[in-house]
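Observations on the three-dimensional arrangement
Residues per chain, in single letters:
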Amino acid sequence: MYGGLRTEKTMDKIGELRKLMKKNNIDAYIILTDDFHGSEYVGEYFKAREFMSGFDGSAGSMVVTENDAGLWTDGRYFLQAEKQLEGSGIRLFREGEQGVLSIPDYLKRVLDSHMTIGYDGRTVNGRFGMKLRQALPDNPVCDSCDLVDEIWKDRPGMPKEPVWLLDEKYTGMSRREKLARIREKMQTDLHLVTTLDDIAWILNMRGGDIEYNPTALSYLLIKRCEALLYIEPDKVSEEIEKELARDGVYIRRYDDIYTDMEKTEEPVMLDKNCCNMALLSVIGSIHQAGLPSSIMKACKNETEVRNEREAHIKDGLALTRFIYRIKHSEGETEMSAAALLESLRCEGGDYLGQSFAPIIASGDHGAIVHYEAVPETDRLLADDGFILMDTGGHYLQGTTDVTRTITRGMLTEEEKRCYTAVLAGNLNIASARFKKGCSGSNIDYLARSPLWEMDLDYRHGTGHGVGYLLNVHEGPNAIRLKNADTPFEEGMITSDEPGVYLEGKFGIRLENLICAHEDNGFVSFETLTLVPFERAAVIPEMLTEKQKKALNEYHEKVYKTISPHLEQEEAEWLYAETRPFK
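Summarised in this report is the structure supplied together with it. (Residues numbered from 1 in each chain as written. Predicted model: local features only at pLDDT ≥ 70, side-chain atom pairs only at ≥ 80, totals over all residues. Heavy atoms only, no water.)

**A few points about the overall build of the chain**
Scanning the chain from terminus to terminus reveals 19 helices and 28 strands. In summary, the chain has a C-alpha radius of gyration of 24 Å against a globular reference of 25 Å for 582 residues, a match within 12%. Taken along its principal axes, the extent of the C-alpha atoms in the chain is 70 × 55 × 40 Å. Looking at the chain as a whole, 60% of its 582 residues are labelled buried. Taking as baseline every contact in the chain between residues at least 6 positions apart, the subset at least 24 positions apart corresponds to 69%. On the chain, the mean spot of the 70 positive side-chain charges and the mean spot of the 98 negative ones are 2 Å from each other. (Helix = DSSP H or I, 4+ residues; strand = E, 2+ residues; numbered from the N terminus. Rg over C-alpha atoms; globule rule 2.2 N^0.38 Å. Buried < 20%, exposed > 50% of the residue type's maximum accessible area, 1.4 Å probe, protein only. Contact = heavy atoms within 4.5 Å. Lys, Arg positive; Asp, Glu negative; His and termini not counted. Charge placed at Lys NZ, Arg CZ, Asp CG, Glu CD.)

**Quick look at the packing of helix H4 (residues 103-110) against helix H5 (residues 126-135)**
In contact at an axis separation of 9 Å, H4 and H5 are set at 30° when each is read in the N-to-C sense. The angle between H4 and H5 falls in the class roughly parallel. The hand of the H4/H5 crossing is right-handed. In this structure, H4 uses Ile103, Pro104, Leu107 and Lys108 to contact H5, whose residues at the interface are Phe128, Lys131, Leu132 and Ala135. (Axes fitted to C-alpha atoms, helices over the stretch in contact; angles between N-to-C directions. Parallel < 35°, antiparallel > 145°, perpendicular 65-115°, else oblique. Left-handed = near helix turned anticlockwise from the far one by under 90°.)

**Some words on the sheet that holds strand E19 (residues 398-399)**
Adjacent strands of a sheet form backbone hydrogen bonds with each other and so pair up, either parallel or antiparallel. What the three strands build is an open sheet, ordered E15-E18-E19; its pairing is antiparallel. For this open sheet the edge positions go to strand E15 (351-354) and E19, each flanked by a neighbour on one side alone. In this sheet, strand E18 (residues 393-395) lies alongside E15 in antiparallel orientation, the contact comprising three bridges. Counterpart to Tyr351 in the pairing with E18 is Tyr395. Packed on one face of the sheet, helix H15 (residues 334-346) meets E15 and E18 and runs near 160° to E15. (Pairing = 2+ DSSP bridges.)

**Describing a nonpolar patch on the surface**
A contiguous nonpolar surface patch, about 310 Å² in accessible area, is contributed by Tyr445, Trp452 and Leu481. Looking at the element boundaries, Trp452 is found in helix H17 (residues 440-452). Residue Trp452 is classed as partly exposed on the basis of its relative accessible area, which comes to 37%. (Patch = residues over 30% accessible without salt bridge, like charges linked within 9 Å, V, L, I, M, F, W, Y side chains within 5 Å. Areas by Shrake-Rupley, 256 points an atom, 1.4 Å probe, with all protein chains shown as cover. Salt bridge = Lys/Arg side-chain N within 4 Å of Asp/Glu carboxyl O.)

**Here's the deal with the pairing of strand E3 (residues 69-73)**
In terms of burial, E3 is a largely internal element, five of the five residues being buried. Residue alternation in E3 divides its side chains into two sets, Ala69, Leu71 and Thr73 and Gly70 and Trp72, and both sets are buried. The pairing of strand E2 (residues 61-65) with E3 spans four bridges and is antiparallel. Bridged to Val64 within E3 is Ala69. Between the end of E2 and the start of E3, which pair antiparallel, lie three residues. Here four bridges tie E3 to strand E4 (residues 91-94), and the two strands are oriented parallel to one another. Pairing of Leu71 across the sheet is with Leu92, part of E4.

Below, the structure is given as structure tokens:
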């Protein structure tokens, strides 16, 4: 599927890299996925790991030594990475699997203490850089060498998309008020913000430097009485520059952050974990602290929650019409189906684009957790079995992320049992009520327990935070077995997406977005997503009475909200799909 000329080119690139490593006296070279801000998704200029390895998943790190090359990625991408790395000479390290070494531990094993490690320090975040130095304290580090740039002759340029401002009727809070709230939390007179979505949220500013993530490459230095936005000036119109200045925000050139920080003698409050190593190395005095904006951004205010409800009605209408059309048409492929859904979303008003690359996976493609159809893999949608569809959109009213797994024909008993177990897990999370102070790690088992009873599980988290017209993956709230320790608070929007994936057979994932609400010291969820589940795949006897009640109430809400906007035939179909289970 992926081999041939592609893997030959990968081997040639690794050979060129080794020559450059030898020339620069580097014994191990690390290539991460990050841009200069530790972003999960990056612009074309920053896709060095993809360029060198041929693996195009959104998460992965590469290490090249004189005699070895390895790529580390998580469980979402194991199947994809296996196929794309085949024949390239790059070994796959499955992160999280028993006995698999981390990159620092691997380098500790293969390098002597005098051997040099190289990387581009602008693309290595502090969390990883500090772990590396802790594991290999005696190894010299060359942190200012971008060797890939010497190989990548036709490298795309740095993104130059203009920024725009989001009106307060969507944000619910002015940038002046946000800056004031952050200054109340500042523990020094200087606070450096390096994460792009935080900067966008604080300034009510959006950009287009990263596909699907409406952010702009920038840094923000907040002082007591003013703030400096480090960004390429040609991205900011004269009108926007004046509006920012009225709130005490002034423009500096993007790269000036390094020289300005080097000259600064005062302590700078920042989060080392998400600041790149090149920048950390020039700051004289660092006051380590989490980002105040992180929790503020995660807890959507009343205006944002109200807007999100409106966005999900628009999105639910588009998806419901899409499912109806897919079930009543022939000849659609994975790629043409994605294009059809995009056209339906565009009809909804205030639609700005997709919130991530769409996943339309038919048959066994669904077992690849983050499958993305390309011309070489595109296929007709199956007439029997499952079609997994994970898509999302950006609206002025907010961001959506929804997964449905549907069928156009017959299902096996195994497929139905797996679907019902995944649905039960989704309903368990959606209807949970728990003491305030609990986090995602406390409730993750609710989603997995129906699958555990069948000796099944899934390798991804159950839920992630979602930004407001920002990153579709947003912390700190999450639902997963480990390391989801931030308690749920009022207004946090999180995905609820259990799944099951049987290699060579099928994949199932069911995802809604849920909003946390506090009441009398307890937290419960409001489901925002409004799209029917696949009735033909449900075995009612496998559901508890509580789960059936939750499903019936959800489907009643979907029908009442969406059906008035449908054509008669579509509404009749939706009525049949959402009728209650007795």
